[in-house]
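Reading the structure
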Amino acid sequence: MRNRVSFYFLAPFMILFLVFTIIPVLTAFGLSFTYFNILEPPKWIGLSNYRLLFIDDDIFLTALGNTLKFAVVTGPVGYAMAFLLAWLISQIPQKYRFFYTLCYYTPSIASGVAMTVVWQYLFSGDRYGLLNYWLLKLGFINEPWQWLEDVNTILPIIMIVSLWMSMGIGFLAFLAGLQNVPRDMYEAGAIDGVKYRWQELWYITVPAVKPQLLFGAVMQVVGALNVFSVSVELAGMPSPLYAGHTILTHLHDYAFIRFEMGYASAIAVVMFCMMVGLNRFIFKWLGNKE
C-alpha cells in the first residue's frame, strides 16, 4: 500500500478514537431503544424512551429549557469575554502577559467543587453571606435573601459562576493565535488607512485568527451544554423546583442514581444530537466556505 506508513502513525489515535468514542456512541444509541437496569439483559422497547422523554417527562423538559437558556446566555457571552480578554492581554507588554493569563485561566482548571465553596459563601442565605451582609448594611434589603433557594435567582447565579470559570482552553487558543499574527499585516494595514485599534481588530486580527475562533466556539458549545458540577454544588440535586436542573443533571440522575441505563442513553443521544447540530451550525458560520 502506497500510504502504509501514514496509516501506521494514525493507527494508535484511530484505535483510541474507535474504542472510547465511536463504540460508546453506538452503544448508547442502541441502548436508548431498550429497558436496561444493569441487573437484567437489555429489553427492546422501541421508541418508548423517547416518547416518555418528550411527552411525559416534565422534569426533562424543564432541564432542556434551563440548559438552552444557559447555553444562549453563557455561550455567546463567554465566547466574547474570552476573545476580548485574550486580545487585551495580547496588547500589554510581554513580561506582564503570563501573570494576567494565569489569573484568568486558573479558575477554569480548579475543581468545580472547590470554586463553588467560595461562591456559596458569597451567596449564602444567612446574614453572614457576603452579599447579604453588604446589602443589609447598605439598607437595600431588610432581611437575608435566599439566593440559592429562590427559583428566580438560581439559574442566573449558576450562569455567573460558569462565566467566571469559562476562560479555559478556548481562551488560551485565542491568546496563542493573537500572539502569532504577523506584524507585517498591521504595517500593511496602516499603509492602507487602518488607524485605530478597533479597525485593526476587525479588519486584520479577526480574519487572521479564524481557526482559533472556530475552535473556541466549539469548546464553548460543549462547555455550555455540559454544565453539571456547578449546578449541583450550588443548588443541590434536585434543586428547588428544578430551577437549576440541566440535561446532564437529569442524565446523571437516571444513570448513576436510578440505574435506568436505557432511559439515560436516550437522554445522552438527545444531548449528543444537540451538540452535533450546534457544532455543524458553527462550522457553517465560522468555517471556510470554499
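Because the structure is a prediction, the values reported are computed rather than measured.

Quick notes on the rules
- Residues numbered from 1 in each chain as written.
- Predicted model: local features only at pLDDT ≥ 70, side-chain atom pairs only at ≥ 80, totals over all residues.
- Heavy atoms only, no water.
- Helix = DSSP H or I, 4+ residues; strand = E, 2+ residues; numbered from the N terminus.
- Buried < 20%, exposed > 50% of the residue type's maximum accessible area, 1.4 Å probe, protein only.
- Contact = heavy atoms within 4.5 Å.
- Areas by Shrake-Rupley, 256 points an atom, 1.4 Å probe, with all protein chains shown as cover.
- Lys, Arg positive; Asp, Glu negative; His and termini not counted.
- Charge placed at Lys NZ, Arg CZ, Asp CG, Glu CD.
- 1 Å grid on protein atoms, 1.4 Å probe; cavity = no way out; pocket = protein on both sides within 12 Å on 5 of 7 lines; lining within 4 Å.
- Points joined across faces, edges and corners; volume = space filled by probe spheres on them.
- Nonpolar A, V, L, I, M, F, W, Y, C, P; charged D, E, K, R; others polar.
- Phe/Tyr/Trp six-rings, centres within 6.5 Å; stacked < 30°, edge-to-face > 60°.
- Lys NZ or Arg CZ within 6 Å of the ring centre and 35° of its normal.
- Axes fitted to C-alpha atoms, helices over the stretch in contact; angles between N-to-C directions.
- Parallel < 35°, antiparallel > 145°, perpendicular 65-115°, else oblique.
- Arc of directions from axis to C-beta.
- pLDDT = per-residue confidence, 0-100.

A closer look at the overall build of the protein
Summing up its helical and strand segments, the protein has 14 helices and two strands in all. Overall, the C-alpha framework of the protein stretches about 75 × 70 × 30 Å when taken along its three principal axes. The 290 residues of the protein split such that 41% are buried. Across the protein, the fraction of contacts at a sequence separation of at least 24, relative to all contacts at a separation of at least 6, is 66%. Counting every atom, the protein has about 17,700 Å² of accessible surface; 68% of that belongs to carbon and sulfur. Charge separation in the protein, taken as the distance between the mean sites of 17 positive and 16 negative side-chain charges, equals 12 Å.

Observations regarding the layout of surface pockets
Considered as a void within the structure, the largest pocket measures approximately 560 Å³ in volume. Taken together, 25 residues form the lining of the largest pocket, with S162, M165, S166, G223 and A224 sitting closest to its centre. Only α3 (58–91), α4 (94–109), α7 (154–164), α8 (169–179), α11 (210–225) and α12 (229–235) provide two or more residues apiece to the lining of the largest pocket. In terms of residue count, α11 provides more of the lining of the largest pocket than any other element does, six residues in total. Split by residue class, the lining of the largest pocket holds 13 nonpolar, 12 polar and no charged. There is about 460 Å³ of room inside the second largest pocket. Forming the boundary of the second largest pocket are 23 residues, of which P24, A28, L251, A268 and V269 lie nearest the centre. Secondary-structure elements contributing two or more residues to the lining of the second largest pocket are α1 (4–31), α13 (247–257) and α14 (261–286). Top contributing element to the lining of the second largest pocket by residue count: α14, with nine residues. Split by residue class, the lining of the second largest pocket holds 19 nonpolar, four polar and no charged.

With respect to the side chain of Q220
Mapped onto the fold, Q220 is located in helix α11. Apart from residues lying up to four places away in sequence, Q220 is in contact with T74, G75, G78, Y79 and S166.

Quick notes on the packing of aromatic side chains
Tallied over the full model, the rule gives 16 aromatic pairs. When the ring of F83 is compared with that of F174, the centres are 5.6 Å apart and the planes differ by 85 degrees; the resulting orientation is edge-to-face. With F83 in helix α3 and F174 in helix α8, this pair connects stretches of sequence that are 91 residues apart. Of the two residues, F83 and F174, neither departs from the other in class, the shared state being buried. Joined through ring pairs, the aromatic side chains of W119, F123, W145, W147 and W164 make up one cluster. The ring of Y254 carries R258 above its face, with NZ or CZ at 4.3 Å from the centroid.

Notes on the packing of helix α2 (residues 48–56) against α3
Geometrically, a packed helix pair is captured by the angle between its two axes and the distance between the axes. The contact between α2 and α3 brings their axes to 6 Å, and the two run at 70 degrees. The angle between α2 and α3 falls in the class roughly perpendicular. Contacts between α2 and α3 pair L53, F54 and D56 from the former with D58, F60 and L61 from the latter. Of the residues assigned to the contact of α2 with α3, the class counts are four nonpolar, no polar and two charged.

Observations regarding helix α10 (residues 197–208)
Taken as a whole, α10 has its buried residues at E200, L201, I204 and T205. Within α10, the buried residues cover an arc of 130 degrees as seen down the axis, which keeps them to one side. Looking at α10, the residues exposed on the side facing more than 90 degrees away from the buried face are W198, W202, Y203 and P207. Where α10 is buried, its residues contact α3, α8 and α9 (183–191).

What to know about the environment of L234
Inspection of the secondary structure puts L234 in helix α12. On the basis of relative accessibility, which here comes to 5%, the residue L234 falls in the buried class. Note: C-alpha distance between L234 and L155 (79 residues apart in sequence) is 10.0 Å. When neighbours within four sequence positions are excluded, L234 is seen to be in contact with T116, W119, Q120, L148, I157, I158 and V161.

So, the confidence of the model for the protein
Overall, the predicted model of the protein reaches an average pLDDT of 87, with 97% of residues at or above 70. The weakest mean pLDDT in the protein belongs to helix α5 (residues 112–122) at 78; the strongest belongs to strand β1 (residues 34–35) at 95.

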